[in-house]
Amino acid sequence: MTGESLSPPARIAIIGAAVVIILAGIRAATPILGPFLVAVFFAMITAPVMAWLTHRGVPRVLAAGTVVAGLIAVLVGTTLFLGAALTGFLLSLPQYEKALEAQVAVLASYGIDPAGIRVWDYIDQGMVIQQAAGLARQIGSITFDVFIVFVAIGFLLLEAPRFAATLRRRLGPESSPYRHLTQSGRLLIEYVVVRTKVNLITGVGTGLFLYVLGIEFAALWGFVAFVLSYVPYIGLVAAAIPPTLLALIDFGPVGAVAVIAAVALIDAAAENLVLPRMAGRELNLSPFVVLFSVVFWGLILGTVGVFLAIPLTIAVKLFLESWEETRWIGELMGAGDREE
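These numbers come from a predicted model, not from an experiment.

Parameters at a glance
Residues numbered from 1 in each chain as written. Predicted model: local features only at pLDDT ≥ 70, side-chain atom pairs only at ≥ 80, totals over all residues. Heavy atoms only, no water. Helix = DSSP H or I, 4+ residues; strand = E, 2+ residues; numbered from the N terminus. Buried < 20%, exposed > 50% of the residue type's maximum accessible area, 1.4 Å probe, protein only. Contact = heavy atoms within 4.5 Å. Areas by Shrake-Rupley, 256 points an atom, 1.4 Å probe, with all protein chains shown as cover. Salt bridge = Lys/Arg side-chain N within 4 Å of Asp/Glu carboxyl O. Axes fitted to C-alpha atoms, helices over the stretch in contact; angles between N-to-C directions. Parallel < 35°, antiparallel > 145°, perpendicular 65-115°, else oblique. Left-handed = near helix turned anticlockwise from the far one by under 90°. Nonpolar A, V, L, I, M, F, W, Y, C, P; charged D, E, K, R; others polar. pLDDT = per-residue confidence, 0-100. Phe/Tyr/Trp six-rings, centres within 6.5 Å; stacked < 30°, edge-to-face > 60°. Core = buried A, V, L, I, M, F, W, Y, C linked by side-chain atoms within 4.5 Å.

A. Highlighting the overall build of the chain. Assigned secondary structure in the chain consists of 13 helices and 0 strands. The order of helices and strands in the chain, counted from the N terminus, is α-α-α-α-α-α-α-α-α-α-α-α-α. Buried residues in the chain amount to 33% of all 340 residues. Within the chain, counting contacts between residues at least 6 apart in sequence, those at least 24 apart form 68% of the total. For the chain, the exposed surface amounts to about 20000 Å²; the carbon and sulfur share of it is 72%.

Written out as structure tokens, the structure is:
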């Protein structure tokens, strides 16, 4: 029985079953796919640096080594910064807890029962230390994954031209599949780089505002905002919780509201003014697809899927748009024509 002789419901059922099997395989292979996807992500971010070095005559091996060495230096610096900042924050938790209890008690004057509000439970020092200890116990596995990621980044940067040349030779430089793959890869790299720049604006803006306001550990919260901004809608909300609590402790409800309003304005400016100017219209996704992709890829790939949800969804969208039969699905995933 050929595919053409199957009824539409039967074809849909077979395709659906195949998709479920593929997703189950991806979920089972997450320990292997996770580091590989992280390596691909950082290879995309550093691809412009690699191209800049090679165009100036630096040998490819030396250029790739320089990029990887730079990433290692950034990782070491970030680890030292986070270690120092988190240690200071942990040592300050007891005094924050007492101050927060005093602030919550003020709510009684507004008719709110403070006994039912246990906000400080979420910043309990013992809980934070317990989570840090659990992370430390996994340091061996994390170190191995980090080593694999850096090795993979180096090989991806070195092998990218050979991959492109092989595809060009096999598919033909003028063939539609090759042109579409080239364009899709370029657009995906462009989005990842632009997303990183926008997150940098969000993180620096958040950190500077918190510093001017007088919130302690402003650099730490700015860095958290930068990282979590890769998770659309949800990430920046989560990143704003700690500085909002600290503003509540130091300045009361007015300070907390000021932090929430400032973070919302910074995010709105970055997402609605900066990102549309820097990213191409071809990469637009509908808000529902963005939110759904975070949940979907998080269930499939865990934490890696949450942070890489948008690049993975864009890759799926571009893949669907490369086939006439599935192009309508890719168009449904888009945000539509902004000018209409």
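From this point, the discussion proceeds with the structure in view.
B. Fine view of the side chain of threonine 206. Along the chain, threonine 206 falls in helix α6 (residues 176-213). Residue class for threonine 206 comes out buried when judged on its relative accessible area of 4%. Residue contacts for threonine 206: discarding those within four places in its chain leaves Ala225, Val263 and Ile266.

C. Examining the pattern of salt bridges more closely. Throughout the structure, instances matching the rule amount to 3 salt bridges. Arginine 162 is paired through a salt bridge with glutamate 159; the nearest N and O atoms lie 2.5 Å apart. Separated by 3 residues within a single helix, arginine 162 and glutamate 159 lie in helix α5 (residues 139-171), roughly one turn from each other. Between arginine 186 and glutamate 190 there is a salt bridge; the shortest N-O distance is 3.7 Å. With arginine 186 and glutamate 190 both in helix α6, this residue pair falls 4 residues apart, about one helical turn. Judged by its relative accessible area of 24%, glutamate 190 falls in the partly exposed class.

D. Structural view of the packing of α6 against helix α12 (residues 309-320). Their axes nearest at 10 Å, the elements α6 and α12 cross at an angle of 160 degrees. Between α6 and α12, the angle falls in the class roughly antiparallel. Classified by chirality, the crossing of α12 by α6 is right-handed. Contacts between α6 and α12 pair His180, Ser184, Leu187, Leu188, Tyr191 and Val192 from the former with Ile310, Pro311, Ile314, Ala315 and Leu318 from the latter. Of the residues belonging to the contact of α6 with α12, the class tally is 9 nonpolar, 2 polar and no charged.

E. Structural view of the confidence of the model for the chain. Averaged over all residues, the pLDDT of the chain is 81; the fraction at 70 or higher stands at 81%. In the model of the chain, helix α4 (residues 125-137) stands out as the element of lowest mean pLDDT, 59, in contrast to helix α7 (residues 218-228), which has the highest, 92.

F. Quick peek at unusual backbone geometry. Positive phi outside glycine occurs at phenylalanine 217, with the angle close to 60 degrees. If you trace the backbone, phenylalanine 217 turns up in the loop between α6 and α7.

G. How the structure looks around the packing of aromatic side chains. Summed over all chains, the structure comprises 8 aromatic pairs. Aromatic side chains phenylalanine 288 and phenylalanine 292 sit 6.0 Å apart centroid to centroid with 20 degrees between the ring planes, which places their arrangement in the stacked category. Note that phenylalanine 288 and phenylalanine 292 are positioned in helix α10 (residues 287-301) at a spacing of 4 residues, about one turn of the helix. Through successive ring pairs, a cluster of aromatic residues spans Phe41, Phe42, Phe81, Phe223, Phe226 and Tyr230.

H. Region of interest: the nonpolar core. Among the nonpolar cores identified, the biggest contains 26 residues, and Leu285, Trp297, Leu301, Ile310, Leu312 and Ile314 are the most heavily contacted of them. For this core, the secondary structure elements donating two or more residues are α2 (30-55), α6, α10 and α12. When near neighbours in sequence (up to four residues on either side) are disregarded, isoleucine 310 contacts Tyr191, Pro232, Leu285, Val290 and Ser293.

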